[in-house]
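# Working through the structure, step by step
Chain residues, written in single-letter form:
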Amino acid sequence: MKIRIVVGCTDSKSDPPASGLELGSYPRPAVEVGSVGKLCKAWVGRINNRPSDAVLRAPRDLYRGDHWSVARSLIEGDRRPGTALDVDLWVASAGYGLVHVDEKIEAYQATFSLRNPNSVSQRRGRDAVADHQTWWEKVNGGRNRKGSISSLAALAADDPHAPMLVALSPPY
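Since we're looking at a predicted model, the values are computed, not measured.

### Description of the pattern of salt bridges
Counted by the stated rule, this structure contains 9 salt bridges. Put simply, Asp-159 and Lys-2 hold a salt bridge, and the shortest N to O gap is 3.6 Å. With Asp-159 in the loop between helix H5 (152-158) and strand S4 (164-167) and Lys-2 in strand S1 (residues 2-8), the pair connects residues that are 157 residues apart, well separated along the chain. Under the relative-accessibility criterion, Lys-2 is labelled partly exposed at 28%. Here Glu-103 makes a salt bridge to Arg-143, at a shortest N to O gap of 2.9 Å. With a gap of 40 residues between them, Glu-103 in the loop between strand S3 (97-100) and helix H4 (125-142) and Arg-143 in the loop between H4 and H5 connect regions that are remote in the sequence. Residue class for Glu-103 comes out partly exposed when judged on its relative accessible area of 23%.

Listed below in C-alpha cells is the structure:
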C-alpha cells in the first residue's frame, strides 16, 4: 500500500545557499499589504531562472538534521526486503513550495520561522499568518515544475485511495 507523507523542510542543509537564494539578502519592501507577494515574485523569478551551472540536489540529499533523518528513514526503510509500506515522501519547503523528495533543487535559505533573517515574513501574529499564506500560494503557483502537483489538495487528488500523513509545524 502506498502512503504519502508530507514533512516540513529543515534549516540545516548539506550545501550553502546558492547565489540569490538567501531570502535575508533580498531588499525588503515596506511592511505593507502585498509586500510579501512582491518579495515572492522576485524569489520565484530567481528559482525559475537558475544559472546553467547551478548545483542541484534532491531534498533527500540536501536536508540534514534529526528531523530529516527520521523523515529519510521512512523512504529508506521501504527498500529493505519484507517492508510492507510504499512511502511517497514530499516536502513542504518554504523556498520551493511542495517538492517531491527526488526533485532536484538548489540549496537555499528561506523559512516560515519568525525572528529569522531568512523568514518570509517580518511581521507577527495574524499579519505573519497572512504573509505565510500568500507566500505559500505564490511560491507553489509561480514556480516552473515538471508535473502538476503544486498543492496538498492536488497531491491528495492524484491518488485519492492513498492515505496521506501531513506532519508540519504550525507556520505551514
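What follows picks up the thread again.
### Brief notes about the sheet that holds strand S2 (residues 86-93)
Read across the sheet, 4 strands follow the order S3-S2-S1-S4 without closing on themselves; strand pairing throughout is mixed. The open sheet has two edge strands, S3 and S4, and neither has a second partner. Averaged over all adjacent pairs, the angle separating strand axes in this sheet is 20°, with direction ignored. Sheet topology note: the S1/S2 ladder contains 7 bridges and is parallel. Pairing of Val-7 across the sheet is with Val-91, part of S2. Running over the sheet, H4 touches S2 and S3 and is turned about 50° from S3.

Criteria and thresholds
Residues numbered from 1 in each chain as written. Predicted model: local features only at pLDDT ≥ 70, side-chain atom pairs only at ≥ 80, totals over all residues. Heavy atoms only, no water. Salt bridge = Lys/Arg side-chain N within 4 Å of Asp/Glu carboxyl O. Helix = DSSP H or I, 4+ residues; strand = E, 2+ residues; numbered from the N terminus. Buried < 20%, exposed > 50% of the residue type's maximum accessible area, 1.4 Å probe, protein only. Pairing = 2+ DSSP bridges. Axes fitted to C-alpha atoms, helices over the stretch in contact; angles between N-to-C directions. Contact = heavy atoms within 4.5 Å.

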